[in-house]
Amino acid sequence: MSDKLERIKTLIIGSGPAGYTAAIYAARADLKPVMYTGLEPGGQLTTTTEVDNFPGYADGVDGPKMMMDLQKQAERFGTEVRIGMITEVDFSDKTGGIHKACVDNSTWIEAESIIISTGATARYLGLPSEQRLRGGGVSACAVCDGFFYKGQDVAIVGGGDTAAEEATYLANICNKVTMLVRGDQMRASKAMQHRVTSTKNIDLRYNTEVDEVIGEQVVEGLRMLNKETGEKEQIEITGLFIAIGHKPNTDIFKEKLTMDDTGYIITEGKSTKTNVPGVFASGDVQDKIYRQAVTAAGTGCMAALDAERYLAVVESEEGEEVKTTKKVEA
Ligand SMILES: Cc1cc2nc3c(=O)[nH]c(=O)nc-3n(C[C@H](O)[C@H](O)[C@H](O)COP(=O)(O)OP(=O)(O)OC[C@H]3O[C@@H](n4cnc5c(N)ncnc54)[C@H](O)[C@@H]3O)c2cc1C
């Protein structure tokens, strides 16, 4: 590492709703935030055309447009948005000192505080027909997109707690929900399984996989494969929900921060503090329960306020130290 590293007050890693909201608050608190966007500037919402549930957009908003608005708002207060990926971090100073981050495997920078907002990535099946119809009826978020299929027939793939919860959520809105479980039983808790099996309009299919999603521009149907019998069956649906899990984008923080067994960063109580002083986490990277733009934005706000309070304490302690040293010297 060179001696002349750039030193910034607040580094924000990630440019989704959490990162931009943290940037707005941090910039207005004069923390002079620098944001690195990562490979997906704007985050997950740039992959969707309709966001109907973010407060303030009475007529709904296109995902990429909403993220451009957030970027403009963050830049209006002086956030510096840089295209780049943080590829390594050095949090070895556990006393609340200066942390380091490496950009694009080449340049190290120093930061007095860091807000991690690197989000999570939804897992998909990987079928070509599924990928082609993402945004055309294939979705990884029932709470986000279920409303668009009100009164219609849909299907959901997955057998864990999230899939079970999303299936019952969809069953409330939609006419019929076909649920495809790969194994001969669900992985969901007994209570969640009971909710699914006691919901009349959920048609539960075990040992069943997606063979192909039917439709050119939009989902029109689903061909299912029963793995036990080898039989294929086609049903008419307008929406397909994939609920086979998310992967938090935390690889670079492994063994540097405390995480749960699925890789989500653990934050302290009702705060965004990680186990390393001066490092905060907001958005989907620390939330496997709600995973919504508005909750990500809410924790982004919290992270900036936590960072601001942390830096204020550090600065006042440094001030006290200088005063004490001067007294001793005098
Ligand atoms: C198809 C789809 C539709 C959705 N629709 C809705 C909806 O209608 N309403 C709703 O509320 N929610 C919706 N969601 C969920 C919502 O998008 C997420 O909850 C929200 O985007 C999470 O925000 P975030 O800021 O935590 O992370 P993300 O939006 O995931 O952003 C993460 C950011 O981190 C960056 N990054 C990752 N690693 C690095 C790194 N090493 N260095 C630098 N940057 C990095 C990425 O480039 C990205 O910019 C939808 C999600 C999907 C996938």
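Identification of the protein as Thioredoxin reductase from Salegentibacter holothuriorum is taken from an unreviewed UniProt entry. Its UniProt record gives the protein the following Sequence similarities (unreviewed entry) comment, quoted word for word: "Belongs to the class-II pyridine nucleotide-disulfide oxidoreductase family." A UniProt comment under Catalytic activity (unreviewed entry) is attached to the protein, and it reads "[thioredoxin]-dithiol + NADP(+) = [thioredoxin]-disulfide + NADPH + H(+)".

Student: Whenever I open this one, the sheet that holds strand β13 (residues 221–226) confuses me. Can you help?
Tutor: Hydrogen bonds along the backbone pair up the strands of a sheet, which may run parallel or antiparallel. One open sheet holds the three strands; their spatial order is β12-β13-β14, and the pairing between them is antiparallel. Because the sheet does not close on itself, it has two edges, and the strands there are β12 (208–214) and β14 (232–236). Adjacent strand axes in the sheet meet at a mean angle of 25°, parallel and antiparallel pairs treated alike. Alignment of β12 against β13, held across six bridges, turns out to be antiparallel. Pairing of Glu-212 across the sheet is with Arg-223, part of β13.

Student: Is there a simple way to think about the nonpolar core in this case?
Tutor: Ranked by size, the top nonpolar core spans 26 residues in total, and within it Met-66 and Ile-115 carry the most contacts. When residues of this core are traced back to their parent elements, those giving at least two are α1 (17–28), α2 (63–76) and α7 (293–329). Residue contributions to this core peak at eight residues, all from α7. Not counting residues within four places of it along the chain, the set of residues in contact with Met-66 comprises Leu-45, Val-51, Phe-54, Tyr-57, Val-61 and Ala-293. The next biggest cluster of nonpolar side chains, apart from the first, holds 22 residues, and it includes Phe-91, Leu-257, Val-279 and Val-285.

Student: What am I meant to see in the environment of Thr-274 here?
Tutor: Of note, Thr-274 is situated in the loop between β16 (246–248) and β17 (279–281). Given a relative accessible area of 5%, Thr-274 falls into the buried group. On a C-alpha basis, the gap between Thr-274 and Leu-305 in space is 14 Å, while along the polypeptide they are 31 residues apart. Each residue touching Thr-274, except ones within four places of it in the same chain, is listed here: Leu-257, Ile-265, Ile-266, Glu-268, Val-279, Phe-280 and Ala-281. Within polar-contact distance, the side chain of Thr-274 engages the backbone nitrogen of Val-276 at 3.1 Å. In terms of polar contacts, Thr-274 uses its side chain to reach the backbone carbonyl oxygen of Val-279, at 2.8 Å.

Student: Hey, could you run me through the state of the cysteines in this one?
Tutor: In protein structure, a disulfide is the covalent linkage between the sulfur atoms of two cysteines. As enumerated under the stated definition, the model contains one disulfide in all. Two residues, Cys-141 and Cys-144, share a disulfide whose sulfurs are 2.0 Å apart. Looking down the S-S bond of the Cys-141 and Cys-144 bridge, the torsion is 65°, so its handedness is right-handed. For Cys-144, a relative accessible area of 28% translates into the label partly exposed. Unpaired in terms of disulfides, Cys-174 finds its nearest cysteine sulfur in Cys-141, a separation of 13 Å.

Parameters at a glance
Residues numbered from 1 in each chain as written. Predicted model: local features only at pLDDT ≥ 70, side-chain atom pairs only at ≥ 80, totals over all residues. Heavy atoms only, no water. UniProt positions renumbered as here; feature names shortened; annotations may be inferred. Pairing = 2+ DSSP bridges. Helix = DSSP H or I, 4+ residues; strand = E, 2+ residues; numbered from the N terminus. Axes fitted to C-alpha atoms, helices over the stretch in contact; angles between N-to-C directions. Core = buried A, V, L, I, M, F, W, Y, C linked by side-chain atoms within 4.5 Å. Buried < 20%, exposed > 50% of the residue type's maximum accessible area, 1.4 Å probe, protein only. Contact = heavy atoms within 4.5 Å. Polar contact = N/O pair within 3.5 Å; in protein donor to acceptor, adjacent residues only side chain to side chain. Disulfide = S-S within 2.5 Å.

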